[in-house]
Amino acid sequence: MLNPSKTFLPCLFALSALANLGMHCGGPRQAYARANSCAQLSQNIPSCPTGTRCILSGRLGRGYTAQTYCLDSRNRQTGRYVYWRYGKLYQRGEMFESKRHGTWRTYNRKGQLTSRQDYHAGKLHGLSQSFRGKHLYIEHRYVGHKLHGETRQFYNDGRIRSAMTYHQGMLHGRQRSWSTSGLLVSDVVRIHGRLHGPWRKVESGTVTTGRYVQGLPEGKFVVRSLRGKTLGSFHFQSGDGTWLRYHPDGALREKLAMRLGMNHGPYSRYWASGKLAERGRFHINRREGRWHMHDFHGRPTQRVTYRNGRKTETRWVAPKEQQAKRGPENVRQIAKRPSAKRPNVQ
């Protein structure tokens, strides 16, 4: 049972002692600020359980910072804990034997709730929520300080953004995500963190469906438009194959060789017009060797060299090199063209 008559007064005495200690420093404005902060703190000092004593510490004045908590006979924090920062309530919750226990809440300078978390014996256990302004942003569930259950993330308008399922801290079960318009853009299944089961993903106006087995793509994958028209397909065996991506009109967009589910081998990317945009090679998910970049018309623009996935050299293709590829006759014609001269301004 709580006994406010025996626990509230010691905190008031400590508060008045802090105020009197600060009265000797500064002028009347500082003294008024300390008195004002004392009045605010005195209205929010918590009651402590029987057999504990209330402790108040902090710095009084304008934008004060202070905290109150309760200590038992073994100097362990037990009971209500309140913390003020910049003169505003920042955090409050319950302590048991110097460990967080029960529901804890955190606020911003505007007094808005930013997080709500459930603890048991110092570990996250139960519901955990984070807020942005007045809207719920993300919601977790913990068991023994590990994610366990469904984790949901929301847009500012309250619509769901993603739903992930965890088991003992690992992704386990169905994982889904939605766009701002409510379109399901990803729907996969994970077992102990590894992709295993039906797989579906929406990207660049196309829908790719297939299946994973123990983290590796397996069998036939089909690429369709958002209206359901089949654009192409490709096959994998034990994670080995060539992954294809298409533009919404059916033109090939990317072609990537994979081995054991990793990017490994030649890679090429194409513009919607069918012209080559980029080509090179991957080595165990890292770019390796010389890569060639092309503009929208298919003309080379850059040559980039990679080593262990890091860019080591970038070389722009000079106009003379482009002219040399066109042939000597075109070079002569370009040389005979009159150069544009600026008019003389008097």
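Heads up: the structure comes first, above all this text.
Presented here is an overview of the structure given in this document. Keep in mind it's a predicted model, so treat the numbers as computed, not measured.

Overview of the overall build of the protein
When you go through the protein residue by residue, the secondary structure sums to four helices and 27 strands. Out of the 346 residues belonging to the protein, those deemed buried represent 33%. Long-range pairs, those at least 24 residues apart, make up 12% of the contacts in the protein between residues at least 6 apart in sequence. On the protein, roughly 21,700 Å² of surface is accessible, and the fraction owed to carbon and sulfur atoms is 50%.

Notes on the layout of surface pockets
The computed volume of the largest pocket comes to approximately 340 Å³. Lining of the largest pocket is provided by 20 residues; of these, Val188, Leu195, Trp199, Lys201 and Tyr212 occupy positions nearest its centre. For the lining of the largest pocket, the secondary structure elements donating two or more residues are strand 14 (173-178), strand 15 (184-191), strand 16 (194-203), strand 21 (240-246) and strand 22 (252-259). With five residues, strand 16 is the single largest residue contributor to the lining of the largest pocket. A per-class count over the lining of the largest pocket returns 11 nonpolar, four polar and five charged.

Notes on empty space enclosed by the protein
Where empty space is left can be seen by rolling a probe of water-molecule size over the atoms. What the rule picks out here adds up to one cavity of 30 Å³ or more. In this structure, the largest cavity encloses a volume near 30 Å³. Lining the largest cavity, in full, are Glu203, Thr206, Thr208, Val223, Leu244, Arg245, Tyr246 and Arg253. Elements that contribute at least two residues to the lining of the largest cavity include exactly strand 17 (206-213) and strand 21. Broken down by element, the residue count for the lining of the largest cavity peaks at three residues, all from strand 21. Across the lining of the largest cavity, the residue classes break down as three nonpolar, two polar and three charged.

Details of the pattern of salt bridges
Taken as a whole and judged by the stated rule, the model has 12 salt bridges. With its nearest N and O atoms 2.8 Å apart, the salt bridge here joins Asp187 to Arg174. One end of the pair, Asp187, is in strand 15; the other, Arg174, is in strand 14, and 13 residues separate them in sequence. On the accessibility criterion, Asp187 (14% relative accessible area) is buried. In this structure Arg174 comes out as partly exposed when scored by relative accessible area, which is 44%. One salt-bridge network, in which partners are shared between bridges, spans Glu203, Arg245, Arg253 and Glu254.

Brief notes about a nonpolar patch on the surface
Where nonpolar side chains cluster on the molecular surface, the patch consists of Leu260, Met262 and Ile284 and spans about 260 Å² of accessible area. Among the structural elements, Ile284 can be located in the loop between strand 24 (276-283) and strand 25 (286-294). When its relative accessible area of 44% is taken as the criterion, Ile284 is described as partly exposed.

Observations regarding the pairing of strand 14
For strand 12 (residues 160-167) and strand 14, the ladder comprises two bridges, and the chain directions are antiparallel. Across the sheet, the residue bridging to Ala163 is Arg176, located in strand 14. Across six bridges, the pairing between strand 14 and strand 15 is antiparallel. When the sheet's bridge partners are listed, Arg174 is paired in strand 15 with Val189.

Details of the nonpolar core
Counting 20 residues, the largest nonpolar core has Trp199, Tyr212, Phe221, Phe234, Phe236, Trp243 and Trp291 as the members making the most contacts within it. Elements represented by at least two residues in this core include exactly strand 16, strand 19 (219-225), strand 20 (230-237), strand 21, strand 22, strand 25 and strand 26 (300-307). In this structure, Tyr69, Tyr83, Met95 and Tyr166 belong to the second largest nonpolar core, which totals 11 residues.

A few points about the environment of Ser115
Position of Ser115 relative to the elements: it lies in strand 7 (residues 113-120). Measuring from C-alpha to C-alpha, the distance between Ser115 and Arg105 comes to 5.7 Å, with 10 residues separating the pair along the chain. When sequence neighbours within four positions are dropped, the list of residues in contact with Ser115 reads Trp104, Arg105, Thr106, Gln129, Ser130 and Phe131.

Details of the packing of aromatic side chains
Taken as a whole and judged by the stated rule, the model has 18 aromatic pairs. When the ring of Trp199 is compared with that of Phe221, the centres are 6.1 Å apart and the planes differ by 65°; the resulting orientation is edge-to-face. Remark: Phe221 occurs in strand 19 and Trp199 occurs in strand 16; sequence separation between them is 22 residues. Of the two residues, Trp199 and Phe221, neither departs from the other in class, the shared state being buried. Plain terms: the ring middles of Phe234 and Phe236 are 5.9 Å apart, the flat faces sit at 75° to each other, and that makes the pair edge-to-face. You'll find Phe234 and Phe236 in the same group, each marked buried. Ring-pair connections join several aromatic residues into one group, and the members of that group are Trp199, Tyr212, Phe221, Phe234, Phe236 and Trp243. For the cation-ring pair, Arg85 lies above Tyr90, with the distance from its terminal atom to the ring centre recorded as 4.1 Å. Seen from the ring of Tyr86, Arg109 lies directly overhead, with NZ or CZ sitting 4.0 Å from the centre.

Regarding unusual backbone geometry
With a phi close to 55°, Leu260 is a non-glycine residue in the positive phi region. Within the secondary structure, Leu260 is located in the loop between strand 22 and strand 23 (262-270). Although it is not a glycine, Ile284 adopts a positive phi angle of roughly 55°.

What counts and how
Residues numbered from 1 in each chain as written. Predicted model: local features only at pLDDT ≥ 70, side-chain atom pairs only at ≥ 80, totals over all residues. Heavy atoms only, no water. Helix = DSSP H or I, 4+ residues; strand = E, 2+ residues; numbered from the N terminus. Buried < 20%, exposed > 50% of the residue type's maximum accessible area, 1.4 Å probe, protein only. Contact = heavy atoms within 4.5 Å. Areas by Shrake-Rupley, 256 points an atom, 1.4 Å probe, with all protein chains shown as cover. 1 Å grid on protein atoms, 1.4 Å probe; cavity = no way out; pocket = protein on both sides within 12 Å on 5 of 7 lines; lining within 4 Å. Points joined across faces, edges and corners; volume = space filled by probe spheres on them. Nonpolar A, V, L, I, M, F, W, Y, C, P; charged D, E, K, R; others polar. Salt bridge = Lys/Arg side-chain N within 4 Å of Asp/Glu carboxyl O. Patch = residues over 30% accessible without salt bridge, like charges linked within 9 Å, V, L, I, M, F, W, Y side chains within 5 Å. Pairing = 2+ DSSP bridges. Core = buried A, V, L, I, M, F, W, Y, C linked by side-chain atoms within 4.5 Å. Phe/Tyr/Trp six-rings, centres within 6.5 Å; stacked < 30°, edge-to-face > 60°. Lys NZ or Arg CZ within 6 Å of the ring centre and 35° of its normal.

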